[in-house]
Amino acid sequence: MINKIEAIREEVNAVKAEIPAKVEEFRIKYLSKKGILASLMEEFRTVPADQKRELGQKLNQLKNFVTERYNILKENAAGTSAIDVSSIDLTRSATSFPVGARHPISIVRNDIIRIFSDMGFTVAEGPEIEDDWHVFSSLNFPADHPARDMQDTFFITRNPIDVLLRTHTSSVQTRTMEKNQPPIRIVCPGRVYRNEAISARAHCFFHQIEGLYIDKNVSFADLRQVLLNFARQMFGPETKIRLRPSYFPFTEPSAEMDISCDICGGKGCPFCKETGWVEILGCGMVDPNVLKACGIDPEVYSGYAFGLGIERITNLKYKVKDLRMFSENDVRFLAEFESAR
Ligand code: DAH
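What you see is a predicted model, and the numbers here were worked out from it, not measured in a lab. (Residues numbered from 1 in each chain as written. Predicted model: local features only at pLDDT ≥ 70, side-chain atom pairs only at ≥ 80, totals over all residues. Heavy atoms only, no water.)

1. Some details on the pattern of salt bridges
- Going through the model one piece at a time under the given rule, you end up with 14 salt bridges.
- Two residues, Arg 27 and Glu 24, come together in a salt bridge whose shortest N-O distance is 2.9 Å. With Arg 27 and Glu 24 both in helix H2 (residues 20–31) and 3 residues apart, this pair spans about one turn of that helix.
- Residue Arg 27 is classed as partly exposed on the basis of its relative accessible area of 28%.
- The residue Glu 42 makes a salt bridge to Arg 45 at a minimum N-O spacing of 3.8 Å.
- Under the relative-accessibility criterion, Arg 45 is labelled exposed at 61%.
- A single salt-bridge network, built from bridges that share partners, covers Arg 242, Arg 244, Glu 256, Asp 258 and Glu 279. (Salt bridge = Lys/Arg side-chain N within 4 Å of Asp/Glu carboxyl O. Helix = DSSP H or I, 4+ residues; strand = E, 2+ residues; numbered from the N terminus. Buried < 20%, exposed > 50% of the residue type's maximum accessible area, 1.4 Å probe, protein only.)

Quick look at the structure:
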C-alpha cells in the first residue's frame, strides 16, 4: 500500500489542468466519494493493526497533498474560458463583424444642424401627430387652402377637431413661439407626411428642417446672409445663391432660394434643367399675423423663417436619384455612406 500511495502522489503531482472542466475531472477522479482516495480509505480498513499507524499517517499526508493540489489548480484555472485553448487556432484571421453605417438622411441632417448651431441656432422638436391650429391656422393658412384637403394631408380625425400628420415642420415654429418670448433662434428637424403617390420623385413621408429667428430689428438682409453662409458651408465656398419671390401663407415677403448647380458650375446641364440653378428651400419674413397668433407683439419684434427638405439636400450632395431608396433599408445602399463620413 505504501507503494500505491507513492505512485498516486507522483501521478497527482504531474497533473496539468488549465481549465475549470479539467480541474473538475481531477476532483472527481481523486477526491469524490467514489474517487481514488476514498477507495484507499476503504482498503486501509483491512490493513493489519501494527501497520495502521504508519500507513494512516502516509494516507493523511496524501489526502492533504491532493487537496492542496486541487485548490491550486482550481485557483489557476479560475477566469480561463471553458474551452480548451489548445483546440483554438490562434493564427486564424479574425472574422469581421458587419458594422452599421449612419443613414444618409441622418448624416445630412446632422451636417445642417451643425452649420446652424455654429451660427447660434438651437434645436427644437415637436410632435408628428398635430392639430389644425399648429399646422395650418396659426400659420395664416386660409380656410380653403388646398393643403387642408384630404388629398394633400393625412387626417386622423376630422370634426369637431382635426387631428393630422404634420405636413411640414413649420408647426414647431408655433409651438416654440407659444411657449417662449424672443429672442428665439431655432432649427427644427423632423419627419413630415403628405398624401402623395409614391414614386422616384415623391414619397408620402420625408424630412424637413425649419429655421426661425425672432428678435428686435431682424431684417431680410440677415436672412440672406445666414442662408448664404449655410449654402457655402454645405456645398462649398464658391456656391452662389439666388432668391426668387414666392408665396407662403406664413411669410411676407416670401422667397425661394436656388443655389448654383454644383454639377455644371452654373453653365447649365440636364441636372439643373439647363438653368445653372437648383432650388433648395423656401423662406421669408414671418407674417405679423403668425406672430400675433403665437402671442408675440409684431410691433416690437420681427423675424425670418425658412424650411428645407433634407432629402433634397441629400440628393444634391450624393446624387441619389430615387427617393424610395431612403426608406427601403437595403444595406447595399446604406453601406455606401459609411465612407461618406
Ligand atoms: N413649410 C414649407 C413647406 O413645407 C417650407 C417653408 C417655406 C418653411 C418658407 C418656412 C418658410 O419657414 O419661411 O413647403
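More follows now that the structure is in view.
2. A word on the packing of aromatic side chains
- Scanning all chains against the criterion turns up 15 aromatic pairs.
- Here Phe 116 and Phe 121 contribute two aromatic rings whose centre-to-centre distance is 5.4 Å and whose plane-to-plane angle is 75°, an arrangement assigned as edge-to-face.
- A relative accessible area of 3% means that Phe 121 is categorised as buried.
- Through a chain of ring-to-ring contacts, three or more aromatic side chains come together here, namely Phe 116, Phe 121, Tyr 213, Phe 230, Tyr 304 and Phe 306.
- Over the aromatic face of Phe 44 sits the side chain of Lys 52, whose NZ or CZ is 5.4 Å from the ring centroid.
- Of note, Arg 185 hangs over the ring of Tyr 213, and the distance from its end group to the ring centre comes to 4.7 Å. (Phe/Tyr/Trp six-rings, centres within 6.5 Å; stacked < 30°, edge-to-face > 60°. Lys NZ or Arg CZ within 6 Å of the ring centre and 35° of its normal.)

3. A look at the packing of helix H5 (residues 104–118) against helix H8 (residues 220–235)
- Two numbers describe how H5 lies on H8: the axes approach to 10 Å, and their chain directions differ by 135°. Between H5 and H8, the angle falls in the class oblique. Relative to H8, H5 is oriented so that their crossing is right-handed. Across the interface between the two elements, Val 108, Asp 111, Ile 112, Arg 114, Ile 115 and Phe 116 from H5 touch Val 226, Phe 230, Gln 233 and Met 234 from H8.
- In the contact of H5 with H8, the residues fall into 7 nonpolar, 1 polar and 2 charged. (Axes fitted to C-alpha atoms, helices over the stretch in contact; angles between N-to-C directions. Parallel < 35°, antiparallel > 145°, perpendicular 65-115°, else oblique. Left-handed = near helix turned anticlockwise from the far one by under 90°. Contact = heavy atoms within 4.5 Å. Nonpolar A, V, L, I, M, F, W, Y, C, P; charged D, E, K, R; others polar.)

4. A short note on H8
- In a regular helix each residue adds 1.5 Å, so 16 residues correspond to 22 Å; H8 covers 22 Å between its end C-alpha atoms and thus fits that length.
- When H8 is considered as a whole, its buried residues turn out to be Leu 223, Val 226, Leu 227, Leu 228, Phe 230, Ala 231, Met 234 and Phe 235. (Expected span 1.5 Å × (residues − 1).)

5. Side note on the sheet that holds strand S7 (residues 241–248)
- Spatial ordering of the open sheet is given by S1-S5-S6-S10-S9-S8-S7, a layout of 7 strands whose pairing is mixed. Edge positions in the sheet fall to strand S1 (122–123) and S7, since each of these pairs with one other strand and no more.
- In this structure, S7 lies alongside strand S8 (residues 251–260), joined through 7 bridges in antiparallel fashion. Directly across from Arg 244, in S8, lies its bridge partner Glu 256.
- Across the face of the sheet, H5 comes into contact with S1, strand S5 (184–193), strand S6 (205–215) and strand S10 (302–309) while running at roughly 5° to S6. (Pairing = 2+ DSSP bridges.)

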